[in-house]
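Working through the structure, step by step
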There are 2 protein chains.
Amino acid sequence: MALRQVAERQAESPAPARLYAIGDLAAELGVTHRALRLYEDQGLLAPRRIGNQRIYSPRDHARLVLVLRGKRLGFSLADIREMLDLYEVDPQHLEQLRATLKKGCARIAALERQQQEIALTLKELREGERLVRDLIRQRESEAGQGRKRRTP
Amino acid sequence: MALRQVAERQAESPAPARLYAIGDLAAELGVTHRALRLYEDQGLLAPRRIGNQRIYSPRDHARLVLVLRGKRLGFSLADIREMLDLYEVDPQHLEQLRATLKKGCARIAALERQQQEIALTLKELREGERLVRDLIRQRESEAGQGRKRRTP
DNA sequence: CCGTAACCTTACCTTAACGTAAGGTAAATG
DNA sequence: CATTTACCTTACGTTAAGGTAAGGTTACGG
């Protein structure tokens, strides 16, 4: 069965649905096979199978991008899973829609808080930076002045 | 030795340097004794001692606040330690000043990236929110219309 | 058709960041 | 003065997020 072949042939094709073997996806986004399988166990990804080999769709690719972003932001896999599930809502069921909306709003609020805290931290660090720059300037000019004053 | 007493007396006093026993600080900032001792082991805090009991100063309190903020932002204790160390610089040594500046700038850059990613995530989530709201409205009005149309 | 490269599962190992329990000292309180 | 109460250290347990190793199948290239 041409499995890897299919992926490679599709890799050259212009637009139509690219497919990835696990190694391809791992390489492209800089993660290990292990991580991908773990994310699958945790319900973050659900690649199709051919036989028992995983086939990742562009959709899986997109989800993985979100997963990695979530990780960089310090979220747990469980959190990330919840966030991904927000995009999975079934438009038929009003109750589910409402639940999704609620969770989504909570996430948004949390991220806004986080944003505030980052802003605060940045402000402090920048102030520190200014201070240190001043100290450096001062030290440097002292050294210069010292030489000049002693030999006017 | 009046140790806890001192803390309690100072707790009532208006401004002057409040002191905390471990339990006080833990309660006030919502962490456990264990966490405080761990942070100490990792070099994030360095309370004074009286005998072998820890005495936390307002400075320790402030540092702990920063630690907890760092945690909420998803940083490791090691990262947080590095950030705290930025505020500890000795103004005498030019080389150290320069190193501090460099590390500080790196931190700032990292936080700015993080900020971008949060902004992006927020944008996506808000778009999702709008979509879900629309779906809900649609479902609701469908239900209403259904009744009206069937009984004109 | 044979070897090697990519994939599979299972299972144990590791690190960070605590939780929790055990056993012991100091000290404020009835 | 006896007893809780707060604190101490030591040490083992736990959870999340993978790393790593072992052993086995599939598929592809020469």
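Within each chain, residue numbers correspond to sequence positions counted from 1 in written order. In the order they appear in the text, chains get letters beginning with A and ligands get numbers beginning with 1. Note on the predicted model: pLDDT of at least 70 is required for a residue's local features to be given, and 80 or more for side-chain atom pairs to be given and counted; whole-chain, interface and lining totals, by contrast, use all residues. Working from all heavy atoms in the structure, the side-chain values ignore hydrogens and water.

Turning to the protein's contact with DNA strand C, a few remarks are in order. Lining the immediate surroundings of DNA strand C are 22 residues, of which R37 and R54 of chain A together with T32, K71 and L77 of chain B lie closest. At a separation of 3.1 Å, a phosphate oxygen of DNA strand C approaches a polar backbone atom of G23 of chain A. Runs of E in the DSSP output that reach at least two residues are strands. Runs of H or I that reach at least four are helices, and both are numbered from the N terminus. Of all the secondary-structure elements, those providing two or more residues to the surface near DNA strand C are α2 (22-29), α3 (33-41) and β2 (53-55) of chain A together with α3 (33-41) of chain B. Ranked by the residues each element gives to the surface near DNA strand C, the list is headed by α3 of chain B, at four residues. Polar here means any residue other than Ala, Val, Leu, Ile, Met, Phe, Trp, Tyr, Cys and Pro, which are nonpolar, and Asp, Glu, Lys and Arg, which are charged; Gly is therefore polar. Class assignment for the residues of the surface near DNA strand C results in nine nonpolar, six polar and seven charged. Residue proximity to a molecule or strand is established when one non-hydrogen atom of the residue lies within 4 Å of it. Pairing of N or O atoms within 3.5 Å defines a polar contact, subject to two protein rules: one partner must be a possible hydrogen donor and the other a possible acceptor, and residues neighboring in sequence count only if both atoms are side-chain atoms.

The interface of chain A with chain B comprises 38 residues on the first partner and 38 residues on the second. The contact between chain A and chain B buries some 4,000 Å² in all, and 67% of this surface belongs to carbon and sulfur atoms. Note on definitions: salt bridges are taken to be side-chain nitrogens of Lys or Arg within 4 Å of carboxyl oxygens of Asp or Glu. Remark: the boundary between chain A and chain B carries eight salt bridges. Residue E140 of chain B pairs with R98 of chain A through a salt bridge whose shortest N-O separation is 2.7 Å. On inspection of chain A and its partner chain B, the count reaches 13 residue pairs in polar contact (both at pLDDT 80 or more). Contacts are assigned to residue pairs with any non-hydrogen atoms lying within 4.5 Å of each other. In short, buried area is how much 1.4 Å probe accessible area vanishes from two parts on joining, totalled over both.

Here we take up the side chain of R69 of chain A. Tracing the chain through its elements places R69 of chain A in helix α4 (residues 58-72). Taking the relative accessible area as the measure of exposure, R69 of chain A reaches 7% and is therefore buried. A polar contact is formed between the side chain of R69 of chain A and the side chain of E124 of chain B, at a distance of 2.6 Å. Each residue gets one of three labels from its accessible area relative to the maximum for its type: buried under 20%, exposed over 50%, partly exposed in between, using a 1.4 Å probe on protein chains only.

Grouping buried Ala, Val, Leu, Ile, Met, Phe, Trp, Tyr and Cys residues that are joined through side-chain atoms within 4.5 Å yields what is termed a nonpolar core. L36, Y39 and L64 of chain A together with L36, Y39 and L64 of chain B are the most contacted members of the largest nonpolar core, which has 52 residues in total. By convention here, the domain bounds are inherited from an automatic or database domain assignment. Counting contributing residues per domain, this core is built from domain 1 (1-78) and domain 2 (108-152) of chain B, each supplying no fewer than three. When near neighbours in sequence (up to four residues on either side) are disregarded, L64 of chain A contacts L25, L29, L36, Y39 and L45 of chain A. In this structure, I136 of chain A together with V89, L97 and L101 of chain B belong to the second largest nonpolar core, which totals six residues.

Looking at the element boundaries, E117 of chain B is found in helix α6 (residues 94-150). Given a relative accessible area of 18%, E117 of chain B falls into the buried group. Only 2.7 Å separates the side chain of E117 of chain B from the side chain of R72 of chain A, close enough to count as a polar contact. Sequence-distant contacts of E117 of chain B, defined by excluding residues within four places in its chain, comprise R69, R72 and L73 of chain A.

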